[in-house]
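# Close look at the chain arrangement
Now for the letters of each chain:
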Amino acid sequence: MKKAFIFDLDGVIVDTAKFHFLAWKNLAESLDISFSKSQNEELKGVSRVESLHKILKWGNTSISDEKFEKLMASKNEEYLAYVNQMTKEDILPGVEELLVYLKENKPPIALGSASKNARRILDKVGLAAYFEAIVDGNEVAKAKPNPEVFLKGCELLGVEPSHAIVFEDSVAGIEAANAANMISVGIGDKRILSEADFNFEGFTELKPDQFEILINFNK
Ligand code: B16
Ligand code: MG
């Protein structure tokens, strides 16, 4: 029975949420909208377009389509300035060790991220070569909690969805994995990711014996 692993990017492999926060905060302030860290939490796993819609809604503000496009572009430009400074140091603890272990044990690995910048980020931190398939925000029409991003990953790897083990830090991502009958693993706060089949604070907690439990788990 062939199993596969699908990793989300932001919050699972790297912490880019802090860069999204800085760039969204600047954008919100330019529109006189306040933007807090807890609001930033609500944007985790949410696409760029949807994030801007949410911020405008929180600020009770409406803007022209043209301005919307301009703001999205300038937000991304600022975000990429942070991304361009990323190095291996930005990989979250335990991630590369797990990728090395998986490569040695041969289950295929895919990326399933809402980000349109996913490939660039993987290149910056030197992890791209671990992934047999990369599905990101450029390839999907429907955002998480729709499972499209993970289903495409399964298709590319040639595995049944119920044989895919998905690592996710967002509620929308866990919902997406569960909706497709995949094995969902929440990385982060267990109280927030309570719908996941398994929960870990981070990858340093995931020891080889738990890993075997994940591989042998059937939904
Ligand atoms: P971009 P993930 C998501 O990444 C982020 O969590 C979310 O905050 C961001 O808005 C989204 O990517 C789109 O990112 O602006 O780079 O296309 O968690 O799905 O890896
Ligand atoms: Mg994420």
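Heads up: these notes are all about the structure in this document. (Residues numbered from 1 in each chain as written. Chains lettered and ligands numbered in written order. Predicted model: local features only at pLDDT ≥ 70, side-chain atom pairs only at ≥ 80, totals over all residues. Heavy atoms only, no water.)

## A word on helix α7 (residues 148-157)
Within α7, burial applies to Glu148, Val149, Phe150, Gly153, Cys154 and Leu157. Those residues of α7 hidden inside the fold are in contact with β1 (4-7), β2 (109-112), β3 (133-135), β4 (164-168) and α8 (171-179). Gly158, located one to two residues past α7, shows a positive phi value of around 75 degrees. (Buried < 20%, exposed > 50% of the residue type's maximum accessible area, 1.4 Å probe, protein only. Helix = DSSP H or I, 4+ residues; strand = E, 2+ residues; numbered from the N terminus. Contact = heavy atoms within 4.5 Å.)

## A look at helix α3 (residues 48-58)
For α3, the complete set of buried residues consists of Ser51, Leu52, Ile55 and Leu56. With its buried residues spanning 135 degrees around the axis, α3 presents them on a single face. Contacts made by the buried residues of α3 are with α1 (17-30) and α4 (65-83). One or two residues past the end of α3 sits Asn60, with phi positive at roughly 50 degrees. (Arc of directions from axis to C-beta.)

## Topic: the packing of α4 against helix α6 (residues 118-125)
The interhelical angle for the contact between α4 and α6, taken along N-to-C directions, is 20 degrees, at an axis separation of 11 Å. The angle between the axes of α4 and α6 places the two elements in the roughly parallel class. α6 is crossed by α4, and the crossing has right-handed handedness. Between α4 and α6, the contacting residues are Tyr79, Leu80 and Val83 on the first element and Arg120, Ile121 and Lys124 on the second. For the contact of α4 with α6, the per-class residue count stands at four nonpolar, no polar and two charged. (Axes fitted to C-alpha atoms, helices over the stretch in contact; angles between N-to-C directions. Parallel < 35°, antiparallel > 145°, perpendicular 65-115°, else oblique. Left-handed = near helix turned anticlockwise from the far one by under 90°. Nonpolar A, V, L, I, M, F, W, Y, C, P; charged D, E, K, R; others polar.)

## Some words on the site of ligand 1
Not every one of the 18 residues close to ligand 1 is listed here, only the nearest: Val46, Ala114, Ser115, Lys116 and Asn117. Contacts to ligand 1 include Ser113, whose side-chain N or O atom sits 2.7 Å from an oxygen atom. Contacts to ligand 1 include Lys144, whose side-chain N or O atom sits 3.1 Å from an oxygen atom. Contact with the protein chains removes 98% of the 470 Å² of surface that ligand 1 exposes when unbound. Considered class by class, the residues forming the shell around ligand 1 number five nonpolar, seven polar and six charged. (Near = heavy atom within 4 Å. Polar contact = N/O pair within 3.5 Å; in protein donor to acceptor, adjacent residues only side chain to side chain. Areas by Shrake-Rupley, 256 points an atom, 1.4 Å probe, with all protein chains shown as cover.)

## A few points about the coordination of the magnesium ion (ligand 2)
In the first shell of the magnesium ion (ligand 2), the protein supplies Asp8 (OD), Asp10 (O) and Asp169 (OD), at 2.0 to 2.1 Å from the metal. Each donor residue of the magnesium ion (ligand 2) lies on the same chain, and together they follow the pattern D-x1-D-x158-D. One end of the pair, Asp10, is in the loop between β1 and α1; the other, Asp169, is in the loop between β4 and α8, and 159 residues separate them in sequence. For the residue pair Asp10 and Asp169, the accessibility class agrees, reading buried in each case. (Donors = N, O, S within 2.8 Å, 3.2 Å for Na, K, Ca; no water.)

## Let's talk about the nonpolar core
If you look at the biggest cluster of nonpolar residues, it comprises 38 residues, and the most contacted ones within it are Phe7, Ile13, Leu111, Leu127, Phe131, Phe167 and Phe203. Two domains share this core, each providing at least three of its residues, namely domain 1 (4-15 + 89-216) and domain 2 (17-83). Those residues within four positions of Leu111 in sequence are excluded, and the remaining contacts are Ile6, Phe7, Asp8, Leu9, Ile13, Ala118, Leu122, Phe131, Ala133, Ile134 and Val135. In this structure, Ala110, Val140, Val166 and Ala176 belong to the second largest nonpolar core, which totals 17 residues. (Core = buried A, V, L, I, M, F, W, Y, C linked by side-chain atoms within 4.5 Å. Domains from an automatic or database assignment.)

## Some thoughts on the side chain of Asp169
Buried and unpaired, Asp169 has no salt bridge, with Lys44 as the nearest side chain of opposite charge at 4.2 Å. With residues near it in sequence (within four places) discarded, Asp169 still touches Asp8, Asp10, Gly11, Val12, Lys44, Ile187 and Leu193. (Lys, Arg positive; Asp, Glu negative; His and termini not counted. Salt bridge = Lys/Arg side-chain N within 4 Å of Asp/Glu carboxyl O.)

## A closer look at the pairing of β1
Every second residue of β1 is oriented toward a common face, with Ala4 and Ile6 on one face and Phe5 and Phe7 on the other, all of them buried. Looking at chain direction, β1 and β4 are connected through four bridges and run parallel. Bridged to Phe5 within β4 is Ile165. With three bridges connecting them, β1 and β2 associate as parallel partners. Bridging from a neighbouring strand, Phe7 pairs with Leu111 of β2. (Pairing = 2+ DSSP bridges.)

Keep in mind these numbers describe shape, not what the thing actually does.
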